[in-house]
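Spelled out from the first residue to the last, the chains are:
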Amino acid sequence: MNTAGTADVPARMGLDLTPFRGLRYDPDRVGSLSAVTSPPYDVVVRPDGLHHLESADPHNIVRLILPQAPTPGIRNEQAADTLHSWVSEGVLRTDVRPALYVYEQRDDEGVFQRGIIGALRLSEPSEGVVLPHEDVMPHVVADRAALMRATSANLEPLLLTYRGDGAVSGTTAVIERTAKLPPLLSTTTEDGFSHRLWDVTHEADLAEVHTDLAGRQALIADGHHRWATYLRVQGEHPSPSPWDYGLVLLVDTVRHPLRVRAIHRLLHRLPVPEALAALDGSFRVRHVEGPLSAALSALSVATSEGNAFLLAGDGTFHLVDRPSPDLLARTIPPDPPEAWRTLDATVLHATLLDHVWRIPDVPEHIAYIHDTAATVAKAERDGGTAVLMHPVREEVVRDLASQGVTMPRKSTSFGPKPASGLVLRALL
């Protein structure tokens, strides 16, 4: 079994990262670079976070990645018109030379990450070059594809990881040399992260990166829906074309390990009392004292012993664990590997959502939220149920991905994620 990111993939099947002419904000035309950036589209907590970003600067990238209008068609047309006007007005400018971009993120709590942004040749999962680890929701892919067709642009980079050999050579050497130079841009966003970006244009450096990555394999850490979107839209254009490539950030997790966090579920139409009553002895249920941090600590302890979830939304916390073995045997498919069958996300979807609560996995019933406190607050405000999850270990993710086994959608949240708005890629 190959581990995602090992260097034993044949060169002809490895990563093909190419330079492109980045589309970037002109700092003289916006209030500040930090005011025009945004988290990735699926991390923005709507509507509060969306309105905050829109009001931060009239040119905030959220107006492109999450346009607001009555219908999807109007939203996408609006995003395309906005992008065109910003380019025409010089708010966004295209770099003169094709480049790869070294990207650095750092905060005051010791998080430090460097990677390289480029246009990556697309490949199907069956080729074993870029490995997904989660399923995707068709309606999200369709939505992102419509936006990508309308704008003819990659508006934000995906986060992909690979496993280097620990040596300061190849891509790592280019990144470290480049980071000693003055950056193209430097800004600090309100979450406390500082961001710096450099361009890599010298032929020798580009060749060194290309040779190094040509024998490597990557794991999609964040951006499964956008990768699926890339593949869908690529299939609509004759090859070769710019649509054969997609904008990504590649990070060597041997050098810069990522954090893995959970993505929580908000069940809009299921109040907590009904959720608990439906369990009917099939899970153990215990009241857990707050605050939220203490309840999450109790969840962490429980997950070390088996599947566990924290339910909230009625002003208190309920620890749900120790599922009935008979119930699991009746609801979990027997064929996938045990590591998949015992995932909290598997038990949540196959057992709780599908069988116990009978909730369809559609936006009218379920929202996926990265922020724990926001999930609880929304559940309490709307009368729904927050299902809080514990993060899965990265080695489990990589092991399943290397076997070609995908986890239930929105099982993980890798970070730190690249800020949207620092560099875009126009396709036409």
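For the structure, check the block above.
Residues numbered from 1 in each chain as written. Predicted model: local features only at pLDDT ≥ 70, side-chain atom pairs only at ≥ 80, totals over all residues. Heavy atoms only, no water.

Trainee: So what exactly am I meant to see when it comes to empty space enclosed by the protein here?
Mentor: A probe matching the size of a water molecule, rolled over the atoms, marks out where space remains unfilled. Scanning the entire structure with this criterion turns up four cavities of 30 Å³ or more. A volume near 160 Å³ is recorded for the largest cavity. Lining the largest cavity are 13 residues, and of these Arg144, Met148, Ala153, Leu155 and Arg226 lie nearest its centre. Mapped onto the lining of the largest cavity, the elements with two or more residues apiece are helix H5 (138-151), strand E7 (153-154) and helix H8 (224-234). Taken together, the residues of the lining of the largest cavity break down into seven nonpolar, three polar and three charged. Of the voids in this model, the second largest cavity is the one considered here, and its volume is about 120 Å³. Along its surface, the second largest cavity is lined by 15 residues, and Asp42, Asp222, Gly223, His224 and Lys410 are the ones closest to its centre. (1 Å grid on protein atoms, 1.4 Å probe; cavity = no way out; pocket = protein on both sides within 12 Å on 5 of 7 lines; lining within 4 Å. Points joined across faces, edges and corners; volume = space filled by probe spheres on them. Helix = DSSP H or I, 4+ residues; strand = E, 2+ residues; numbered from the N terminus. Nonpolar A, V, L, I, M, F, W, Y, C, P; charged D, E, K, R; others polar.)

Trainee: Any chance you could explain the environment of leucine 348 here in plain terms?
Mentor: Within the secondary structure, leucine 348 sits in helix H13 (residues 344-356). Counting along the chain gives 39 residues from leucine 348 to valine 387, while the straight-line C-alpha distance between them is 9.1 Å. When sequence neighbours within four positions are dropped, the list of residues in contact with leucine 348 reads Arg265, Phe309, Leu353, Trp357, Val387 and Met389. (Contact = heavy atoms within 4.5 Å.)

Trainee: When you look at the pattern of salt bridges in this model, what are you seeing that I'm missing?
Mentor: Under the defined criterion, the tally for this structure stands at 24 salt bridges. The residue glutamate 156 makes a salt bridge to arginine 226 at a minimum N-O spacing of 3.9 Å. Residue glutamate 156 is found in the loop between E7 and strand E8 (158-162), and its partner arginine 226 is found in helix H8; the two are separated by 70 residues along the sequence. With a relative accessible area of 4%, glutamate 156 lands in the buried category. The buried category is assigned to arginine 226, whose relative accessible area is 7%. Aspartate 321 serves as the salt-bridge partner of arginine 284, at 2.9 Å between the closest nitrogen and oxygen. Of this pair, arginine 284 sits in strand E15 (residues 284-288) while aspartate 321 sits in strand E17 (residues 317-321), and the two are 37 residues apart along the sequence. On the basis of relative accessible area, arginine 284 is assigned to the partly exposed category, the value being 26%. (Salt bridge = Lys/Arg side-chain N within 4 Å of Asp/Glu carboxyl O. Buried < 20%, exposed > 50% of the residue type's maximum accessible area, 1.4 Å probe, protein only.)

Trainee: Help me understand the layout of surface pockets in this model?
Mentor: The calculated volume of the largest pocket comes to roughly 1,200 Å³. For the largest pocket, the lining is made up of 44 residues, of which Pro39, Val43, Asp191, Arg261 and Asp371 are closest to its centre. For the lining of the largest pocket, the elements supplying multiple residues, two or more each, are helix H1 (33-36), helix H2 (48-56), strand E13 (259-261), helix H10 (292-303) and strand E20 (413-415). Tallied by class, the residues present in the lining of the largest pocket amount to 18 nonpolar, 17 polar and nine charged.

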